[in-house]
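# Overview (structure and organization)
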Amino acid sequence: MSTPGPGEEPALRADPLADLPADFEAFFTRENPGYLRYAQQRLHHREDAQDAVQNAGATLYKNWRRALASEDPQAFGFKVLKDAVVDVLRDRRRTERKRLRVIAQRRPDTSQDELEELAELDALDWAMDELARAAPVQADVVRLRQAGLSYPDIGRALGIAHTTARTYYSLGRRHLEYLLEHPDDGEAR
């Protein structure tokens, strides 16, 4: 039962999982475009996003019975995708640390202009990281909305009401704007 709004009668909510295919291939084919958009929005590189989605697909396939047995298989699949994206991000960070160690050993000349340009390019990524630390669900809603998902789809993926998704998107965008306008108020980079 859903909670009725002002002036509304209580009504039975349609089962959001009724149209869920029991076949993994049909499910993954249906969800793949949204998964790819989300991963690409988080990772900023199509190849990395494809790797993350494929890794998520392999993990989901291995755990398909658990997914079907879960309360919400779509949310289960999205959680697997988020974990796969985090794994790609961790691999990137390890690779970047190794690269920085090599650069530090060579001591290249880097101009101040190049450093400022890199700082500007990283501002949005930094703000999204800050938002993810402060309000992880808001950050997920913002990423999914930027990836082109509708509020009802975002709500199903995250296990929240579509109206809550709309509210979280608005709050998340305002938080990002504030962080970008006042970077000194956030944690030190």
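All figures in this text were calculated on a predicted structure; none of them were measured in a lab. (Residues numbered from 1 in each chain as written. Predicted model: local features only at pLDDT ≥ 70, side-chain atom pairs only at ≥ 80, totals over all residues. Heavy atoms only, no water.)

## Topic: the overall build of the protein chain
Under the convention used in this document: Numbering of helices and strands runs from the N terminus, with a helix taken as a DSSP run of H or I at least four residues long and a strand as a DSSP run of E at least two residues long. Residue exposure (1.4 Å probe, protein chains only): buried if accessible area is under 20% of the type maximum, exposed if over 50%, otherwise partly exposed. Every residue pair with non-hydrogen atoms within 4.5 Å of one another is taken to be in contact. Accessible surface is estimated by sampling points in the Shrake-Rupley manner with a 1.4 Å probe; for residues, cover comes only from the protein chains shown.
The helix and strand tally for the protein chain stands at eight helices and zero strands. Counting from the amino terminus, helix and strand elements in the protein chain follow one another as α-α-α-α-α-α-α-α. For the protein chain, buried positions account for 30% of its 189 residues. Contacts in the protein chain between residues far apart in sequence, at least 24 positions, make up 62% of those at least 6 positions apart. For the protein chain, the accessible area works out to roughly 12,800 Å², and carbon and sulfur atoms hold 50% of it.

## Remarks on unusual backbone geometry
At His44, a residue that is not glycine, the phi angle is positive and equals roughly 70°. Here His44 lies in the loop between helix 1 (24-43) and helix 2 (46-62).

## Brief notes about the packing of helix 7 (residues 151-158) against helix 8 (residues 162-181)
Rule in force here: Between N-to-C directions, angles cover 0 to 180 degrees, with each direction set by a line fitted to C-alpha atoms, over the stretch in contact for helices. For classification, angles of less than 35 degrees are called roughly parallel, those exceeding 145 degrees roughly antiparallel, those between 65 and 115 degrees roughly perpendicular, and all remaining angles oblique.
Relative to each other, helix 7 and helix 8 sit at 100°, their axes nearing to 8 Å. Classified by the interaxial angle, the pair formed by helix 7 and helix 8 is roughly perpendicular. Between helix 7 and helix 8, the contacting residues are Tyr151, Pro152, Ile154 and Gly155 on the first element and His162, Ala165, Arg166 and Tyr169 on the second.

## Observations regarding the packing of helix 6 (residues 136-146) against helix 8
Interhelical geometry of helix 6 versus helix 8 gives an angle of 95° and a closest axis separation of 8 Å. By the angle between their directions, the pair helix 6 and helix 8 is classed as roughly perpendicular. Two secondary-structure elements touch here, helix 6 through Val137, Gln138, Val141, Val142, Arg145 and Gln146 and helix 8 through Ala165, Tyr168, Tyr169, Leu171, Gly172, Arg173, His175 and Leu176.

## A closer look at the side chain of Asp140
Considering the arrangement of structural elements, one finds Asp140 in helix 6. Beyond its immediate chain neighbours, meaning those up to four positions away, Asp140 contacts Tyr38, Lys82 and Leu158.

## Examining the nonpolar core
Inclusion rule: Among buried residues, those of type Ala, Val, Leu, Ile, Met, Phe, Trp, Tyr and Cys that are joined through side-chain atoms within 4.5 Å constitute a nonpolar core.
By size, the foremost hydrophobic cluster in this structure holds 41 residues, and its most contacted members are Tyr35, Leu43, Val53, Leu60, Leu81, Val85 and Leu131. Not counting residues up to four positions away in its chain, the partners in contact with Leu43 are Asp48, Ala49, Ala52, Val85, Val88, Leu89 and Arg92.

## Some points on helix 2
Because an α-helix completes one turn every 3.6 residues, residues spaced three or four positions apart along the sequence face the same direction. Rules: Each helix should span, by expectation, one fewer than its residue count multiplied by 1.5 Å. Of all possible arcs, the one meant is that of the directions from the helix axis to the C-beta atoms.
Relative to the 24 Å expected for 17 residues at 1.5 Å per residue, helix 2 spans 24 Å between its end C-alpha atoms, a close match to the ideal helical length. Restricting attention to buried positions, one finds in helix 2 the residues Ala49, Ala52, Val53, Ala56, Gly57 and Leu60. Considered in projection along helix 2, the buried side chains sweep an arc of 140° and stay on one side of the axis. Away from the buried face of helix 2 by more than 90 degrees, exposed residues Glu47, Gln54, Tyr61 and Lys62 are located.

## Let's talk about the confidence of the model for the protein chain
Low pLDDT means the predicted coordinates in that region are not meant to be read closely. Defined as follows: How sure the predictor is of each residue is captured by pLDDT, a score from 0 to 100.
Looking at the protein chain as a whole, its pLDDT mean stands at 80, while 75% of the residues score no less than 70. In the model, residues 1-5 has pLDDT below 50 throughout and makes seven contacts with residues more than four positions away in sequence or in other chains.

## Section: the environment of Ile160
Here Ile160 is to be found in the loop between helix 7 and helix 8. Classification of Ile160 by relative accessible area gives partly exposed; the value is 22%. Residues Ile160 and Val137, spaced 23 residues apart in sequence, show a C-alpha to C-alpha distance of 9.6 Å.

## Describing the packing of aromatic side chains
The condition that has to hold: Aromatic contacts are taken between Phe, Tyr and Trp rings whose centres are within 6.5 Å, Trp giving its six-membered ring; a plane angle under 30 degrees counts as stacked, one over 60 as edge-to-face, and the others as tilted.
Enumeration according to the criterion identifies seven aromatic pairs in this entry. Pairing Phe24 with Phe28 gives two aromatic rings, centres 5.5 Å apart and planes at 15°, and the pair type is stacked. With Phe24 and Phe28 both in helix 1 and four residues apart, this pair spans about one turn of that helix. In this structure Phe24 comes out as buried when scored by relative accessible area, which is 14%. Taken together, a centroid distance of 6.1 Å and an interplanar angle of 65° make the contact between Tyr151 and Tyr169 edge-to-face. In this pair, Tyr151 sits in helix 7 while Tyr169 sits in helix 8, placing the two residues 18 residues apart along the sequence.

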